[in-house]
Every structure is written in structure tokens, then in C-alpha cells.
Amino acid sequence: MSQVQVLSKSQAIIRLKRMAGFDTADPATPAFNVVRELLENSLDACEDGKIAPNIKIDIKDLEDIVQITCRDNGIGMSKENVLKAFGSMFSSSKFRNRQSRGLFGIGGKVFIVQGQVTTDKPFDVATATINDKFISAYKMRIDIEKDQAIVENIKTQENKKGWHGVIIRFHLSKEEVDFNKAHNQIKTYLENCYITSPYAQIEYNYGDKKIKIHRLESKVPNPAKEVPYHPKSIEAYALKTLLNTTRKKDILTFLTSLQSVGELTAKDFLSKYKIRPDTPPKKINFGQLLDAMKEYDKWLAPSTDCLSLIGEDNFITGVKHLYNPDFVSYASRKDVFIGIPFAVEAVIAMGGDIPKRQIRLNLKKEEFLKIFRYANRIPLIGEYRSCLINKAAFDIAWSSYQIDPSKIPTMVFVHICTTGKTILFKDLAKGMIIDNLPQIGKTIKLCLQAALRKARSWMSKRKQREAASRRKGIFELYTPLIVNNLASLLDKEDTSEIDALVRRIML
Amino acid sequence: MKFEDNRTKILQEKIGNVVLKKLLKGEEPTLEILKRDMSNVSFDKNKRMLLPGNEKLSRRMKSLGGVRTFAQTVMIANSIREAILQKYHPSLRDVFYNNKFTIPGSKRLSLDSQEESNSIVQDLEVLTGLSREELGIVADSKGLLAGDIQLKSENDIIDGSKMGSLAIPIPSIVDNLDLLKTKAEFVLVVEKGAIFEGLNASKWWKKHNCILITGKGQPDRGTRRMVQRLHNEFELPVYVLVDGDSYGFAIYGVYKFGSVSLAYQNEKLACPDAKFLGVSVSDIYNYKIPKNAIIKAKPSDLKRAQDMLKTEWFNTPFWKKEFELLQEKKEKVELESFSRFGYNYLADKYIPEKINNLKNK
């Protein structure tokens with residue numbers, strides 16, 4: 001398992017409660033969030049090993065507490081990592097430069113700690129790594145003061161069936177979470193997994209409320225590659241950590257360890273900003289270096305290879321499974337802004353089983369669109385009209401693609417993936433993508449338009465077909481009227497001759 | 001009825017066989033229908049009436065815009081033929097209800113309104129060359145006639161001089177009557193029913209030896225046909241008395257020149273020799289009608305007068321002068337305003353004086 005880095009305590013603590021949703025008055029929010037965080041962690045753990053995920057989340061009402069159990073078949077954890085990952089509240093295996101679902105990887109743990117505080121119960125972790133001979137079961141607590149794990153006991157048993165993965169069980173106070181109220185949100189989120197991870201099988205059980213997501217695809221995509229930070233986009237705390245922990249002896253070799261930086265570029269950069277190439281990284285003026293790195297405009301663009309797209313086949317399979325549309329088209333675009341690689345995928349789906357949106361007064365045609373938003377393979381739930389994706393969709397002249405969403409039910413799916421997660425979100429609620437970078441909005445729009453161009457030709461063919469069948473319907477409607485009256489007018493009791501003659505012309 | 005034998009054959013021939021012939025050739029059938037709007041109507045200077053041109057509309061069976069009316073035309077032709085065969089005399093409303101139903105397999109009605117079927121009946125009139133009356137369709141009749149005249153309806157003789165205080169109703173199908181004989185010397189057409197009633201109550205027709213007729217406003221076909229027949233068959237001069245406003249002048253125009261929408265029937269309905277008796281605009285001032293018996297003309301009256309002056313048939317020195325006076329004074333009067341001079345003024349003074357004027361011209 002890759003290195004686990006440590007965030008500053010104060011930095012993380014501020015984010016924690018907000019992220020979990022415990023600061024809102026609505027107990028549905030933390031209930032939804034705990035399911036989402038557990039699921040995302042498990043999906044990442046499976047994909048890291050290219051394993052088709054089997055994930056099961058069980059919620060059980062005990063008297064005044066709720067028991068939460070999540071099991072996956074991911075790569076599992078070594079003892080060392082269990083202690084690190086579940087011991088320190090603020091450690092994360094995801095605080096690295098690569099695309100991942102979790103923003104900071106600390107989401108799940110907030111709930112464990114919150115549960116420990118409110119129920120005074122330890123939590124359980126059982127795990128085995130791939131090819132592990134034993135399954136280890138830990139009963140643990142977190143010492144919040146010391147930020148350390150306290151292992152109450154460890155039991156091991158023989159791993160006869162060669163299982164791997166993680167099982168976590170912890171408790172939350174019933175007063176703080178309401179899974180009944182959160183059910184619709186959870187259901188929507190899980191169903192969207194058909195699109196974001198059609199290779200996953202997911203079960204969710206809460207009493208008689210059961211949701212099962214079947215596996216549509218057997219192929220699991222390659223895990224997102226971890227890449228070195230790019231000098232243009234590295235954030236202050238990451239740079240500081242790197243400078244303090246690097247084994248490189250001088251700043252020149254340190255720079256070449258960053259992404260897309262060759263020796264020539266590094267030398268040019270250092271001479272431009274009058275930094276001695278042999279300065280030890282630990283002694284560098286951190287602020288000056290950071291500013292210079294942001295300002296310097298000759299860095300080569302970072303690679304977009306590290307991004308993990310849903311991909312045309314998976315995306316379309318998921319959309320078809322959920323809505324069985326008459327038409328679906330896909331387009332994707334990759335781009336780099338301020339040193340951060342982005343990829344956008346867009347799918348347009350129309351007709352079929354897509355439900356018609358309810359007509360409300362004063363609704364513009366574009367507002368009939370049903371927009372689904374995804375970022376780094378996670379569905380963004382809830383409607384945010386000011387989200388960058390919605391804005392881009394509303395900014396398009398749909399009529400020029402012959403599409404009137406108020407007439408034909410139309411769905412738009414947009415997935416943005418990037419290593420620069422913090423650029424996208426205003427807060428950790430992962431609700432909407434903010435308008436930090438107008439270029440992203442433009443990229444989304446261009447990508448949507450590419451998908452729409454395919455939709456336009458389908459639409460115009462469909463309209464021709466519809467006109468032809470309307471025409472045929474009208475002629476069919478009046479044919480009997482003409483036949484019967486004409487036959488009667490001509491004193492013909494048998495209408496068959498006239499009928500054949502009229503139909504020959506009409507139909 | 002005079003046309004009984006032929007009518008069903010004409011309907012079969014002009015609609016049924018026309019369509020069938022095309023169908024047998026494997027071609028799309030069309031019905032060529034005389035255009036009935038202003039664009040295809042002009043003033044015939046010889047006949048001095050409004051007559052239709054030759055422009056026709058093709059009603060196609062296989063066109064989105066045409067198929068519905070095509071089907072309706074065949075349907076109503078068949079329905080009218082059946083009525084004739086069964087010796088019914090349906091009204092226009094009967095024809096509408098007889099053919100109104102929901103088309104099987106849809107929510108669409110075969111006829112949405114009576115206007116639709118009325119218009120199809122007019123199409124059939126021009127397609128067959130038979131009038132609505134000849135097709136046996138009756139309409140509400142509202143015209144009245146009074147005077148010393150003998151008519152024959154079926155086997156009964158009706159003597160207009162022996163009606164007491166009643167008037168003879170003019171039926172919608174005037175051609176079924178025979179006009180036997182009359183002692184009258186002229187026909188007076190009165191726009192308004194109430195004025196007619198007043199004149200008839202005092203046996204005005206007897207005193208002045210005339211036939212009185214009213215169409216009660218805009219005249220129906222029967223009234224107009226009756227006026228034309230009285231003029232043609234007894235060579236009686238026809239005088240028309242209407243309100244002194246654009247609406248009254250237009251009614252006079254309909255009696256005399258015919259109407260645009262029924263241009264194809266005008267040869268049977270118009271009476272180009274009819275003369276305008278009054279009330280003219282200049283009469284308002286010649287007879288010195290008091291100010292408070294005069295009505296201010298509305299903008300719509302003035303607009304209508306302007307439009308009428310632009311037509312060829314009203315473009316005469318007399319009407320030019322009249323309409324110019326109307327535009328200048330912007331005033332109009334009703335026939336009843338003469339009552340300011342006494343109840344008998346219109347009957348005993350104005351009408352006889354105006355008739356004399358016309359006779360002496």
C-alpha cells in the first residue's frame with residue numbers, strides 16, 4: 001500500500017464536521033453521507049486491485065443506536081496500515097496527486113469517531129490482504145487526544161477461502177442519523193453507480209428497505225495512476241510536505257522529480273528567479289519558490305493520462321440500463337488549466353423510458369432537461385442550478401440541435417474528472433461544481449455540443465419519421481369516411497372495391 | 001318538386017363519378033370547387049350584378065390540408081342525396097347533426113361546427129350547379145310579403161288581399177310557388193320588420209296599390225328571390241327603403257347587386273333594376289331632421305362607407321356625393337326618426353314623395 005501522509009490536525013478538524021453533515025439540523029444528511037463515504041472508500045479499495053467490487057452495507061437499528069457494517073472485497077489492509085489509517089483521525093492514503101473519489105479520504109473516519117464519542121462503543125475492523133493466510137479482526141478505539149489507535153484486542157483466523165477485503169462495523173447515535181429520511185437520496189446515489197461503476201455489485205440493507213445494484217460489466221478499468229505533482233498546480237501544504245520529506249539533496253534535482261519538468265526547464269526556471277541550483281530543499285525560501293512556480297509560464301503541460309474516465313461503453317451501458325432511451329450519444333474532451341489536467345465526458349439521452357418532467361408554469365425549454373452530474377466517478381446528488389454543469393447546459397441553444405426538451409424527455413450526463421479536486425468544490429458536501437475556472441465551463445459546453453451534434457441528426461430523422469406517420473395517421477383516419485360515403489353515394493352495397501381503390505392512393 | 005328526378009343523379013355524377021373515374025385510373029381524385037371569396041367576384045357591367053369568376057380550388061383527397069374537407073364533401077353529398085331519396089327537407093342544422101359524429105379510432109369529430117357543414121353545402125351548390133333550395137335544404141325564413149297578389153302553393157291559391165291583418169311568409173324555397181297575378185304597380189322593399197308591420201296594419205299597400213316586402217334586416221335568399229321574381233314576372237318597379245346609414249345602404253346593395261359570398265347564386269337573387277328610395281344622407285338635411293333625432297356616425301360606419309365607395313358597383317355620381325356628405329357630416333338617421341314630424345309622416349309624406357320623385361326622373 002502506498003505511503004500514508006499526515007495532514008495538520010487543525011486543518012482537518014475544521015472540515016470534518018461540515019463534511020459529515022453533523023452541523024446541519026437534518027439527520028438525513030449525515031445518514032446519506034456515511035453510506036456514500038463507506039461506499040466510495042470500498043470502491044476505491046477494489047479498483048486499486050482491479051477487482052470487480054462486491055460491496056455490502058448493512059444498517060441495523062439497535063435500541064437507541066444504529067449499527068453500521070460495510071464489507072468489501074478490496075485489496076485489504078496490513079496491520080501497519082490498519083493502525084495508521086484507523087488510528088490517526090487525520091491520516092489519509094488519498095492525500096496524493098491522483099484522481100480518487102474521496103476528497104481527502106477522511107470522510108469515513110469522521111463517523112467512526114463521532115460514533116465512539118456518542119455511543120462509547122469500540123469499532124471493529126476485519127481484514128485480509130490478497131493472498132493473506134490469516135484474517136485479522138481488530139476491536140479498536142481512537143484516542144482522540146493523542147491521535148492514536150488503541151487496539152483492545154486482535155483475533156486472527158485462518159483464511160481458508162482466500163478472502164480479501166475489509167469489514168468495518170461501528171455505531172452511531174440514533175438521534176444524529178435518520179436512514180429512513182435519507183433513503184431516497186441513498187437510492188438515487190446507488191442507482192447512479194450503474195453509470196459510474198457498472199462493474200460493481202452493491203447491496204444496501206436497512207430493515208425492509210433493500211437496494212441491490214447488479215453488475216452490468218465484468219471489466220474493471222485500470223486504477224487511476226498516481227503522478228508527481230505538477231509545479232504549476234501544486235498546493236502550498238503539499239509543496240511544504242514534499243520539501244521537508246524529500247531525499248533529493250538540491251533544488252534542481254527536486255524540481256526534476258516533479259511532473260513534466262526536465263533538467264533544461266528546471267535550470268531556466270532557477271536562473272530566471274535567481275535561485276542557486278544547489279540549494280538544499282529544506283533551506284529554500286518556501287513562499288518565494290511557490291510564487292515563482294505559479295508565475296513561470298514555460299512548464300510543459302501535465303499529462304492527462306492519470307485521469308480515469310468512465311468511458312463510452314460503460315457510460316452508455318449504465319444509462320441504457322437505467323432509462324432505456326431511444327437515443328444516446330457520448331463525447332469526451334481533455335484539457336489542462338493552470339497545470340491541472342481535466343477530462344469531461346458528456347452523454348445525451350432522449351426518449352424511451354425517460355420520464356417526462358412535470359410541466360410547471362414559466363419554465364424555459366432548457367429547464368425541462370434532467371441533468372446528472374458526476375465528478376471523479378461519484379454522483380453529485382441534489383439540484384444546484386448554479387452548478388457549472390447546469391450553467392453550461394443552459395447556455396446551449398438547444399433549438400439549434402432541433403431538440404426541445406419540453407417535448408422529448410431529455411437527459412444530460414456530465415462527468416468531470418481531475419486531480420485538482422479542490423478546484424471543483426466549494427465545500428466538502430460534494431454538491432456542486434463551482435465557477436472557479438470559466439475554462440472548465442467552456443470545456444463542458446464544447447463536450448456537450450459534440451454529443452449534441454450526433455443527437456441532431458438522429459432528431460431530424462426522428463422528426464421526419466414522425467411527420468410521415470402523422471401524415472399516414474390522418475389519411476388512415478379519413479379513409480373509411482370517404483370509402484363508405486362514396487360507395488353509398490354510388491349505390492354500391494359492397495364497399496370492398498371502392499376501399500381497395502381509395503387505399504391504393506391513400507396509403 | 002321540379003328537379004326531383006335529376007337531383008340525385010347530378011349528385012352522383014358531379015361528386016361520386018368524378019371521384020370514381022380518377023380512382024379507377026389510379027390517380028388522386030380532386031374536386032374542383034369555384035372560389036367563393038372577394039378575389040374571385042367581380043361586377044358584371046352588362047348584367048349589373050356581382051358574379052363569380054372562373055377561379056377554382058382543387059380539393060385534394062391526398063393532402064394533409066385537404067383530406068378532411070374532401071371526406072366531408074363526399075359525406076354530406078351522400079347525406080343530402082339520401083334525404084332527397086327519402087323525401088326529407090332537412091334544415092342546414094339537420095344536415096350538421098346528421099353528419100356529426102366521432103370518427104372511429106380517434107377523438108376527432110367529423111364536423112366541428114355548423115359553419116363547417118354550411119360551407120360544404122355551399123361547395124355542393126357550386127359543384128352541382130343546384131341551389132341549396134333545389135337540393136331540398138330549407139333554411140329559417142324570415143321574409144314577409146303583403147299586397148294584392150295571388151300565389152299558388154301546391155294546389156292551394158293564396159290571395160294576398162284576403163289575409164286580414166296578416167302577411168304572407170316568404171318561404172326559403174320560393175321556386176315552389178307560382179306567382180299567378182297581381183294588381184300592384186310597384187314593389188316596396190322595407191328594411192325593417194316593424195316599419196313593414198305598421199304599413200301593413202294600415203293597408204298601405206291597398207292605398208298605394210303595391211306589394212310590400214321586408215327581409216327584416218339582411219335579407220335571406222327567399223326574400224331576395226321573391227323580389228327578383230316579382231320584378232321579372234310582373235315587370236314591377238322595385239323601390240328599397242332602408243335606414244340612412246352604411247348598414248342600410250349595404251342591404252340595398254344586396255337586394256340590387258347580390259352578395260359576394262353567394263355570387264354564384266346572384267343571377268337568381270339579385271334585382272339590378274331595384275331603385276334606392278331612401279333614406280339618403282342628403283335627405284337628413286333636405287327634410288331638416290332635427291339635430292336630436294340624428295345619430296353620430298361611428299368610425300366603423302365611416303370605414304364601411306369608404307370601402308363601399310371603392311367598389312365598382314357603388315361608384316356612381318349619386319353615391320359618391322352621398323358618401324362624401326357622410327364623411328363630412330359624420331351623421332346618420334333611422335327610418336323612425338321621421339316620427340318627430342308625426343307618426344304618419346313616413347307613410348303619408350316621405351315615401352309617396354320619394355316615389356314620385358323617382359317616377360318623374
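It should be noted that the structure appears before, not after, this text.
Please read these numbers as outputs of a predicted model, since none were measured by experiment. (Residues numbered from 1 in each chain as written. Chains lettered and ligands numbered in written order. Predicted model: local features only at pLDDT ≥ 70, side-chain atom pairs only at ≥ 80, totals over all residues. Heavy atoms only, no water.)

Enquirer: Could you clarify how one ought to interpret the overall build of chain A in this entry?
Expert: Looking only at helices and strands, chain A has 15 helices and 15 strands in total. Scored against the burial criterion, the 507 residues of chain A give a buried share of 54%. In chain A, 72% of the contacts between residues at least 6 apart in sequence involve partners at least 24 apart. Accessible area for chain A stands at about 23,600 Å²; split by element, carbon and sulfur atoms hold 49% of it. (Helix = DSSP H or I, 4+ residues; strand = E, 2+ residues; numbered from the N terminus. Buried < 20%, exposed > 50% of the residue type's maximum accessible area, 1.4 Å probe, protein only. Contact = heavy atoms within 4.5 Å. Areas by Shrake-Rupley, 256 points an atom, 1.4 Å probe, with all protein chains shown as cover.)

Enquirer: Mind showing me how you'd approach helix 5 (residues 183–191) of chain A here?
Expert: Residue pairs three or four apart in sequence face the same way in an α-helix, which turns once every 3.6 residues. Residue and element names in this part refer to chain A. When helix 5 is considered as a whole, its buried residues turn out to be His183, Ile186, Tyr189 and Leu190. Buried positions in helix 5, seen along its axis, are confined to an arc of 130° and lie on one side of it. Structurally, helix 5 contributes buried residues whose contacts are with helix 2 (28–47), helix 6 (193–196), strand 9 (201–206), strand 10 (209–213) and strand 14 (378–380). (Arc of directions from axis to C-beta.)

Enquirer: Would you explain the interface of chain B and chain A in this entry?
Expert: One widely used convention gives an interface's size as the accessible area the parts lose upon coming together. Counting residues at the interface gives 32 residues for chain B and 21 residues for chain A. Note on chain B versus chain A: buried area summed over both sides is about 2,400 Å², and carbon and sulfur give 75% of it. If you sort the residues of chain B by the area they bury against chain A, Leu23, Lys62 and Leu64 of chain B come out on top, with a joint share of 24%. Applying the counting rule to chain B against chain A returns 1 salt bridge. The partner of Arg81 of chain B in a salt bridge is Asp491 of chain A, and the shortest N-O contact between them spans 2.6 Å. The interface formed by chain B and chain A holds 12 residue pairs in polar contact (both at pLDDT 80 or more) in total. Among the secondary structure elements, those contributing two or more residues to the side of chain B that touches chain A are helix 1 (4–24) and helix 2 (67–85) of chain B. It is helix 2 of chain B that provides the largest number of residues to the side of chain B that touches chain A, a total of 10 residues. Split into classes, the residues belonging to the side of chain B that touches chain A amount to 17 nonpolar, 7 polar and 8 charged. (Buried area = accessible area lost by both parts, 1.4 Å probe. Salt bridge = Lys/Arg side-chain N within 4 Å of Asp/Glu carboxyl O. Polar contact = N/O pair within 3.5 Å; in protein donor to acceptor, adjacent residues only side chain to side chain. Nonpolar A, V, L, I, M, F, W, Y, C, P; charged D, E, K, R; others polar.)

Enquirer: Is there a simple way to think about the sheet that holds strand 6 (residues 134–143) of chain A in this case?
Expert: One key point about sheets: their strands pair by backbone hydrogen bonds, in either a parallel or an antiparallel sense. Residues and elements named next belong to chain A. Spatially, 8 strands are ordered 7-6-5-8-3-2-9-10 in an open sheet, and the strand pairing comes out mixed. The sheet is open, and its two borders are formed by strand 7 (148–158) and strand 10, each paired with just one other strand. The sheet shows a mean angle of 10° between the axes of neighbouring strands, direction not considered. Pairing analysis gives 5 bridges linking strand 5 (residues 123–128) to strand 8 (residues 165–173), with the strands arranged antiparallel. Its bridge partner being in strand 8, Ala126 is matched across the sheet by Ile167. Lying over the sheet, helix 5 contacts strand 9 and strand 10, oriented at roughly 10° with respect to strand 10. (Pairing = 2+ DSSP bridges. Axes fitted to C-alpha atoms, helices over the stretch in contact; angles between N-to-C directions.)

Enquirer: Please clarify how unusual backbone geometry should be interpreted in this entry.
Expert: Phi is mostly negative for residues that are not glycine, and the peptide bonds are mostly trans. All names here are of chain B. Between Gly278 and Val279 the backbone carries a cis peptide bond, its omega angle lying at 5°. Of note in this structure, Asn209 is not a glycine but carries a positive phi near 55°. A positive phi angle, close to 50°, is found at Lys216, a residue other than glycine. With respect to the helices and strands, Lys216 occurs in the loop between strand 11 (210–214) and helix 7 (221–234). With a relative accessible area of 38%, Lys216 lands in the partly exposed category.

Enquirer: I would appreciate a short explanation of the pairing of strand 15 (residues 410–418) of chain A in the present structure.
Expert: When a strand is regular, its side chains alternate between the sheet's two faces. Residue and element names in this part refer to chain A. Counting buried residues in strand 15 gives 9 out of 9 residues, a clear majority hidden from the surface. Burial along strand 15 is two-sided: Thr410, Val412, Val414, Ile416 and Thr418 facing one way and Met411, Phe413, His415 and Cys417 facing the other are all buried. Looking at chain direction, strand 12 (residues 340–350) and strand 15 are connected through 9 bridges and run antiparallel. Bridge pairing in strand 15 places Met350 opposite Thr410.

Enquirer: Help me understand the packing of helix 2 of chain A against helix 5 of chain A, please; the structure alone is not making it clear to me.
Expert: Pairs of packed helices are described in terms of their axes, by the angle between the two and the distance that separates them. All names here are of chain A. Contact geometry for helix 2 and helix 5: axes closest at 9 Å, N-to-C directions at 25°. Taken together, the axis directions place helix 2 and helix 5 in an arrangement best described as roughly parallel. Viewed along their axes, helix 2 and helix 5 form a crossing whose handedness is right-handed. The residues of helix 5 that touch helix 2, namely those facing Ala31, Phe32, Val35, Arg36, Leu39 and Glu40, are Gln185, Ile186, Tyr189 and Leu190. For the contact of helix 2 with helix 5, the class distribution of residues is 7 nonpolar, 1 polar and 2 charged. (Parallel < 35°, antiparallel > 145°, perpendicular 65-115°, else oblique. Left-handed = near helix turned anticlockwise from the far one by under 90°.)

Enquirer: It is not clear to me how the sheet that holds strand 10 (residues 186–190) of chain B should be interpreted in this structure. Could you clarify?
Expert: Residue and element names in this part refer to chain B. On the basis of which strands lie adjacent, the open sheet formed by 6 strands has the order 8-5-11-10-12-13 and mixed pairing. Single-partner strands in this sheet number two, and they are strand 8 (168–169) and strand 13 (275–278). In this sheet, strand 11 lies alongside strand 5 (residues 144–147) in antiparallel orientation, the contact comprising 4 bridges. If you follow Ala146 over to strand 11, its bridge partner there is Leu212.

Enquirer: Hey, could you run me through the pairing of strand 5 of chain A in this one?
Expert: All names here are of chain A. A large share of strand 5 lies buried, amounting to 5 of its 6 residues. Where strand 5 meets strand 6, 5 bridges bridge the pair, whose relative direction is antiparallel. By the bridge assignment, Val125 is partnered in strand 6 with Tyr138.

Enquirer: I keep staring at the environment of Ala200 of chain A and nothing clicks. Help me out?
Expert: For Ala200 of chain A, the position within the fold is in the loop between helix 6 and strand 9. Linking Ala200 of chain A and Leu43 of chain A, residues 157 residues apart in sequence, is a C-alpha distance of 8.0 Å.

Enquirer: Even after reading the chapter, I still don't get the environment of Gln288 of chain A, so can you show me in this structure?
Expert: All names here are of chain A. You can see Gln288 is positioned in helix 10 (residues 286–295). The partly exposed category is assigned to Gln288, whose relative accessible area is 39%. Those residues in contact with Gln288 that lie beyond four places of it in its chain are Tyr273 and Ile275.

Enquirer: Could you clarify how one ought to interpret helix 9 (residues 263–272) of chain A in this entry?
Expert: All names here are of chain A. Among the residues of helix 9, those classed as buried are Thr265, Ala266, Phe269 and Leu270. Down the axis of helix 9, the sector holding all buried residues measures 130°, keeping them to one side. Relative to its buried face, helix 9 has exposed residues pointing more than 90 degrees away, namely Leu264 and Ser271. On the buried face of helix 9, the contacting elements are helix 8 (251–256) and helix 10. Trailing helix 9 by a residue or two, Lys274 shows a phi angle of about 50°, which is positive.

Enquirer: Hey, could you run me through the packing of aromatic side chains in this one?
Expert: Any aromatic ring pair is given by two values, namely how distant the centres are and how the planes are angled relative to each other. Enumeration over the complete set of coordinates arrives at 36 aromatic pairs over all chains. Judged by centre distance (6.4 Å) and plane angle (75°), the rings of Tyr273 of chain A and Tyr296 of chain A are edge-to-face. Taken together, the residues span a long stretch of sequence, with Tyr273 of chain A in the loop between helix 9 and helix 10 and Tyr296 of chain A in the loop between helix 10 and helix 11 (312–323) at a distance of 23 residues. No difference in accessibility class separates Tyr273 of chain A from Tyr296 of chain A, as the two residues are buried. The interplanar angle of 10° and the centroid separation of 4.8 Å between the aromatic rings of Phe372 of chain A and Phe413 of chain A together place this pair among those described as stacked. One end of the pair, Phe372 of chain A, is in strand 13 (residues 370–375); the other, Phe413 of chain A, is in strand 15, and 41 residues separate them in sequence. You'll find Phe372 of chain A and Phe413 of chain A in the same group, each marked buried. Feature note: the residues Phe43, Phe249, Tyr252, Phe257, Phe276, Trp313, Phe314, Phe318, Trp319 and Phe323 of chain B constitute an aromatic cluster, connected by ring pairs. Lying over the aromatic face of Phe372 of chain A, Lys370 of chain A brings its terminal NZ or CZ to 5.3 Å of the ring centre. (Phe/Tyr/Trp six-rings, centres within 6.5 Å; stacked < 30°, edge-to-face > 60°. Lys NZ or Arg CZ within 6 Å of the ring centre and 35° of its normal.)

In short, geometric facts, not functional conclusions.
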